[in-house]
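Read off the chains here:
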Amino acid sequence: MNEVIFRAKDLIRPAGIAALVLALVLETAFGLFALTDLGTVLLVAMTLALVLPFLLVALRAWTGVGAEGITVNRGFGPGRTYSWQQISWVEVRRYPAGDSYSYALRIHLTNGRSRLLPGLGTDKYHSTTEFLANTRQVMDRWERNTAPDRRVEPRPRLWDVLSIPVIGLALGAAFVAVVLTQLR
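Structure report, in brief.

So, how was this worked out
- Residues numbered from 1 in each chain as written.
- Predicted model: local features only at pLDDT ≥ 70, side-chain atom pairs only at ≥ 80, totals over all residues.
- Heavy atoms only, no water.
- Salt bridge = Lys/Arg side-chain N within 4 Å of Asp/Glu carboxyl O.
- Buried < 20%, exposed > 50% of the residue type's maximum accessible area, 1.4 Å probe, protein only.
- Core = buried A, V, L, I, M, F, W, Y, C linked by side-chain atoms within 4.5 Å.
- Helix = DSSP H or I, 4+ residues; strand = E, 2+ residues; numbered from the N terminus.
- Contact = heavy atoms within 4.5 Å.
- Phe/Tyr/Trp six-rings, centres within 6.5 Å; stacked < 30°, edge-to-face > 60°.
- Lys NZ or Arg CZ within 6 Å of the ring centre and 35° of its normal.
- Pairing = 2+ DSSP bridges.
- Axes fitted to C-alpha atoms, helices over the stretch in contact; angles between N-to-C directions.

### Observations regarding the pattern of salt bridges
Applying the stated criterion to the full structure yields 3 salt bridges. Among the salt bridges present, the one from R136 reaches E143, with a minimum N-O distance of 3.5 Å. Overall, the relative accessible area of 34% leaves E143 in the partly exposed class. Salt bridges sharing partners connect three or more residues here, namely R136, D140 and E143.

### Some remarks on the nonpolar core
Here is a general trend for soluble globular proteins: nonpolar side chains tend to be buried in one another's company. Within the largest apolar cluster, 17 residues are counted, with the highest numbers of intra-cluster contacts made by I70, I87, V90, I107, L117 and V138. Counting only elements with at least two residues in this core, the list comes to β1 (4-7), β3 (69-73), β5 (87-97), β6 (100-109), β7 (114-122) and α3 (128-145). Setting aside anything within four residues of it in sequence, one finds I107 in contact with I70, Y82, I87, W89, V90, R113, S114, R115 and L117.

### Comments concerning the packing of aromatic side chains
Summed over the entire model, instances satisfying the criterion amount to 1 aromatic pair. Between W89 and W142, the aromatic rings sit 5.8 Å apart at their centres with planes inclined by 80 degrees, giving edge-to-face as the arrangement. Of this pair, W89 sits in strand β5 while W142 sits in helix α3, and the two are 53 residues apart along the sequence. Sitting over the face of the ring of Y101, R94 holds its NZ or CZ atom 3.9 Å from the ring centroid.

### A word on the pairing of strand β2 (residues 62-65)
Inspection of the sheet shows β1 paired to β2 by 4 bridges, in the antiparallel sense. Across the sheet, I5 pairs through a bridge with G64, a residue of β2. Both β2 and β3 contribute to a ladder of 4 bridges, which runs antiparallel. Following the sheet pairing, W62 is matched in β3 by N73. The hairpin formed by β2 and β3 contains 3 residues between the paired strands.

### Let's talk about the environment of I164
Note that I164 resides in helix α5 (residues 164-183). In sequence terms I164 and P96 are 68 residues apart; their C-alpha atoms lie 8.8 Å from each other.

### Here's the deal with the sheet that holds β7
Across the sheet, 3 strands lie side by side as β5-β6-β7; this open sheet has antiparallel pairing. A single partner strand is all that each edge strand has here, and the edge strands are β5 and β7. Along the sheet, successive strands turn relative to each other by an average axial angle of 30 degrees, direction set aside. Here β5 runs beside β6; their pairing, made up of 10 bridges, is antiparallel. Note on β6: the bridge partner recorded for P96 is Y101. Across the sheet, α3 is in contact with β5, β6 and β7; its angle to β5 comes to roughly 160 degrees.

Here it is, written out as structure tokens:
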């Protein structure tokens, strides 16, 4: 059985790189008008130092699915292979992304941890049909290489149940309670 590679760089929009270039141009223009030459150079250098490593790592991340299991590479090093016996569940996870949602494939391991699979995701800018086909391919291989009694859906954890608005509401209520107790 051949290994299939899903590369994260196939999901990165060219608009992201264009936005970085535009930000650098705007920073340079702003710096030339409002800062000294040294300030402009430092501003651009700081932006490159903070953004470029994350972009380069994201461009190198990939997921491989083969006979021995799933290999996850986050963009540095050789990656880590999880054998089919270590993977207890595979699911599509939905994440809020502004006014829509993004979806990513996640594996759950027998030790209780879980891993997002780079290169296997979609949002409003990427092809959902390709994501569904890739997801089906990973799920088919997992089902082919895992006995049905070893497939165990994990129980939801606290951070799986809580959403950002619920956490914000709880923190807001706690803040109001602290302020009210201090005013008395």
